Amino acid sequence: MVEAVLIDLFSLPANLQNNLQDLLCNMLGTIEECSSIAAPLVYVMCSQTEQGKRNDEQELLPALKDFQALKKSLEVVRALTTAAALYSIKQRLDEKDLSTIKIILPAFRRDLMKVYIAQLFTAVYQFEFEDLQMVSDCNNLLIAEPQPEGQALSTQDVELITREIQMYLQSLPNLKGELAILRSSLIPDGIFLHGFTTRTGGISYIPTLSSCNLFSSSKRRDPQAVVKENLRRLANAAGFNPETFHRVKTDHGNAVCIIGKTEPNSYDGIVTNQKGITIAAPGADCIPVLFADPVRKVCGAAHSGWKGTLSGVSMATVNAMVSEYGCNVKDILVVLGPSVGPCCYKLPQESAEKFHRIDPKCVRLFDSESPYIDLRRATRILLETGGILPKNIQDDSVTDQNQNITFCTACHPDKFYSHFRDGTNFGTQIGFISIKD
């Protein structure tokens, strides 16, 4: 069922756009007659020049007089670029949690619009298209039957659209304050560049994703283009090159990627000895774990959720550093980033038993239906068992809490994202590290 209709008039001649009341009459009648809902939201997308600003509400009153059902649900969105107009409409759709959209547009704009949609939306949204064509006098509009797909846009056209989107997103202000990065005193900053992100300083606007969300998926509303812009802002603030950035492809397992070798299809650990390459692991309750060997000048990152913790992803990352680069396990420093704490995180009894076998102190209220789990303690125990020196592990057990960066993500909604707290449409922070040139 269509929840909203977008009428794309962006590319029509200015004299035609300026006469919206005549232009929209036939269109609104068709929408009102054919709509499967009583009063669908209708967004009319038009271009705007500095000289072309006008009162859209007053201008549309004559056209709306016969469409009372639509009058309160129609909005004209004017912008200087297609990217700006479409992104503004996306914000309105997201505010109302709408996902099914019909786009009515000139046939020659269809392939172009699909490129914009592919970059500004995710698979959460469903689009259907109807072609719009003008009759000879250019004063009325008719809906035409869908036309066969035309030739694909050229690479140059796609690049121009991509650049337009990038420039628009770069112009947007930071939300929720300035970008903030947490750093560990354990990792020597003369050798490594590293940090853990918080949720501030990006452009993601959906409440559970705002504002510096650093992960996009088919199940969330934040598109890759927005995440890429958030990463660009992080890279500028932290001082790394976003073009040489590698994030783990999470599978909640213990596979490890060695930079420079064949990349696995999925992996939760990553290591390198190459300078200038930034590697990263996400976390939104799961632990982003960073590894640094200042002797061999090797670094690593791992994503450790409850499954990854049990499968030993952190020691798998350590073992990769030892086997690939000759690191001594006693030289490796390990920092656990912001993650859900034992104060908040619960698992079913069956899963809790596995943590209880690591150490009974990893589980609180063990006899309950859903005991509390300490992922960090379990990670530390497994690391120490594998040979990492206790003093070389930084987590929430640090004596000086002013040095603590392993905050509970669920307890700090102003600073961190949390899947446990926010549900399926959650944002993601990361831990990142690189070897300085």
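Residue indices follow the written sequence of each chain, beginning from 1 at its first position. pLDDT decides what is reported in this predicted model: residues at 70 or higher carry local features, side-chain atom pairs at 80 or more are listed and counted, and totals for whole chains, interfaces and linings draw on all residues regardless. The side-chain values count all of the structure's non-hydrogen atoms but skip hydrogen atoms and water molecules.

**Here we look at the state of the cysteines**
Alright, step 1. The disulfide criterion is simple: two cysteine sulfur atoms within 2.5 Å. As enumerated under the stated definition, the model contains zero disulfides in all.
Alright, step 2. Take Cys411: it sits in no disulfide, and the sulfur closest to it among the cysteines is that of Cys344, at 3.4 Å.
Alright, step 3. Each residue's exposure class comes from its accessible area (1.4 Å probe, protein chains only) as a fraction of the maximum for that residue type: buried when under 20%, exposed when over 50%, partly exposed otherwise. A residue is classified by how much of its surface remains accessible, and Cys411, at 41% relative accessible area, is partly exposed.

**Focus on the confidence of the model for the chain**
Alright, step 1. One confidence number per residue, pLDDT, is output by the predictor and ranges from 0 to 100. Per-residue pLDDT for the chain has a mean of 89; in total, 84% of the residues score no lower than 70.
Alright, step 2. pLDDT under 50 marks residues 135–139. Its contacts with residues more than four places away, or in other chains, come to five contacts. Should any heavy atoms of two residues lie within 4.5 Å, those residues are counted as being in contact.

**As for the pattern of salt bridges**
Alright, step 1. Salt bridges, as used here, are contacts in which a Lys or Arg side-chain nitrogen is within 4 Å of a carboxyl oxygen on Asp or Glu. In the structure shown here, the tally under the stated rule is 17 salt bridges.
Alright, step 2. Asp8 is the salt-bridge partner of Arg109, the closest N and O atoms lying 2.9 Å from each other. In this pair, Arg109 is assigned in the loop between strand S4 (100–106) and helix H6 (110–120) and Asp8 in strand S1 (residues 4–8), connecting sequence segments 101 residues apart.
Alright, step 3. Classification of Arg109 as buried rests on a relative accessible area of 5%.
Alright, step 4. Since its relative accessible area comes to 0%, Asp8 is described here as buried. Counting from the N terminus, the helices are DSSP H or I runs at least four residues long and the strands are E runs at least two residues long.

**Regarding the sheet that holds strand S11 (residues 269–272)**
Alright, step 1. Pairing between two strands is assigned when DSSP locates at least 2 bridges connecting them. Taken together, the six strands give an open sheet; going across it, the order is S10-S11-S14-S13-S15-S18, and neighbouring strands pair in mixed fashion. Whereas interior strands pair on both sides, the edge strands pair on one side only; in this sheet they are strand S10 (256–258) and strand S18 (393–394).
Alright, step 2. Of the strand pairs in this sheet, strand S13 (residues 287–293) and strand S14 (residues 298–304) are connected by seven bridges, and their pairing is antiparallel. By the bridge assignment for S14, Asp293 is matched with Val298.
Alright, step 3. The sheet contacts of helix H10 (residues 313–325) involve S10, S11, S13 and S14, and relative to S14 the element is tilted by about 160 degrees. Axes here refer to lines fitted to C-alpha atoms; in helices the fit is confined to the stretch in contact. Angles between the N-to-C directions go from 0 to 180 degrees.

**Observations concerning the side chain of Asp293**
Alright, step 1. Looking at the element boundaries, Asp293 is found in strand S13.
Alright, step 2. All tallies of charge rest on Lys and Arg as positive and Asp and Glu as negative; His and the ends of each chain are not included. Buried charge without a salt bridge: Asp293, with Arg296 as the nearest opposite-charge side chain at an N-O distance of 5.8 Å.
Alright, step 3. Ignoring any residue separated from it by four or fewer positions in sequence, one finds Asp293 in contact with Phe192, Val298, Met321, Cys327, Asn328, Asp331 and Ile332.

**Side note on the sheet that holds strand S12 (residues 278–283)**
Alright, step 1. Judged by pairing direction, the sheet is mixed, and its five strands sit side by side in the order S7-S8-S19-S12-S9 without closing on themselves. Two strands lie at the open edges of the sheet, namely strand S7 (181–182) and strand S9 (245–247), each paired on one side alone.
Alright, step 2. Examined bridge by bridge, S12 and strand S19 (residues 429–435) share five bridges and lie antiparallel to one another. Within the sheet, the bridge partner assigned to Gly283 lies in S19 and is Gln429.

**A short note on the nonpolar core**
Alright, step 1. Among buried residues, the Ala, Val, Leu, Ile, Met, Phe, Trp, Tyr and Cys ones that are joined through side-chain atoms within 4.5 Å form a nonpolar core. Core analysis: the largest hydrophobic core is formed by 38 residues, its most contacted members being Leu86 and Leu169.
Alright, step 2. Residue assignment for this core shows that the elements contributing at least two residues are S1, strand S2 (41–47), strand S3 (74–79), helix H5 (82–95), S4, H6, helix H7 (155–170) and helix H8 (224–238).
Alright, step 3. Considering each element in turn, this core owes the most residues, seven residues, to H5.
Alright, step 4. Domain delimitation follows an automatic or database domain assignment. Composition of this core by domain shows at least three residues from each of domain 1 (4–136 + 148–170) and domain 2 (175–435).
Alright, step 5. The residues touching Leu86, leaving out its near neighbours within four places in the chain, are Leu6, Met45, Met113, Tyr116, Ile117, Leu120 and Phe121.

**Focus on unusual backbone geometry**
Alright, step 1. Between Ser210 and Ser211 the backbone carries a cis peptide bond, its omega angle lying at 0 degrees.
Alright, step 2. Mapping Ser211 onto the fold places it in the loop between strand S8 (192–197) and H8.
Alright, step 3. Although it is not a glycine, Lys176 sits at a positive phi angle of roughly 60 degrees.
Alright, step 4. Note on placement: Lys176 falls in the loop between H7 and S7.
Alright, step 5. For Lys297, which is not glycine, the phi torsion reads 55 degrees and is therefore positive.
Alright, step 6. Looking at Lys297, the relative accessible area reads 38%, which means it is partly exposed.

**Observations regarding helix H12 (residues 375–385)**
Residues that lie three or four places apart on an α-helix share one face, since the helix turns once every 3.6 residues.
Alright, step 1. Buried residues of H12: Leu375, Arg376, Ala378, Thr379, Arg380, Ile381 and Leu383, and no others.
Alright, step 2. Polar contact is the term for a pair of N or O atoms within 3.5 Å; when the atoms are in protein, one must be able to donate a hydrogen and the other to accept it, and sequence-neighboring residues count only if both atoms are side-chain atoms. At the N-terminal end of H12, a side-chain oxygen is found 3.2 Å from the backbone nitrogen of Arg376, two or three residues along, and the residue is Asp374.
Alright, step 3. Looking one or two residues beyond H12, the residue adopting positive phi is Gly387, at roughly 110 degrees.

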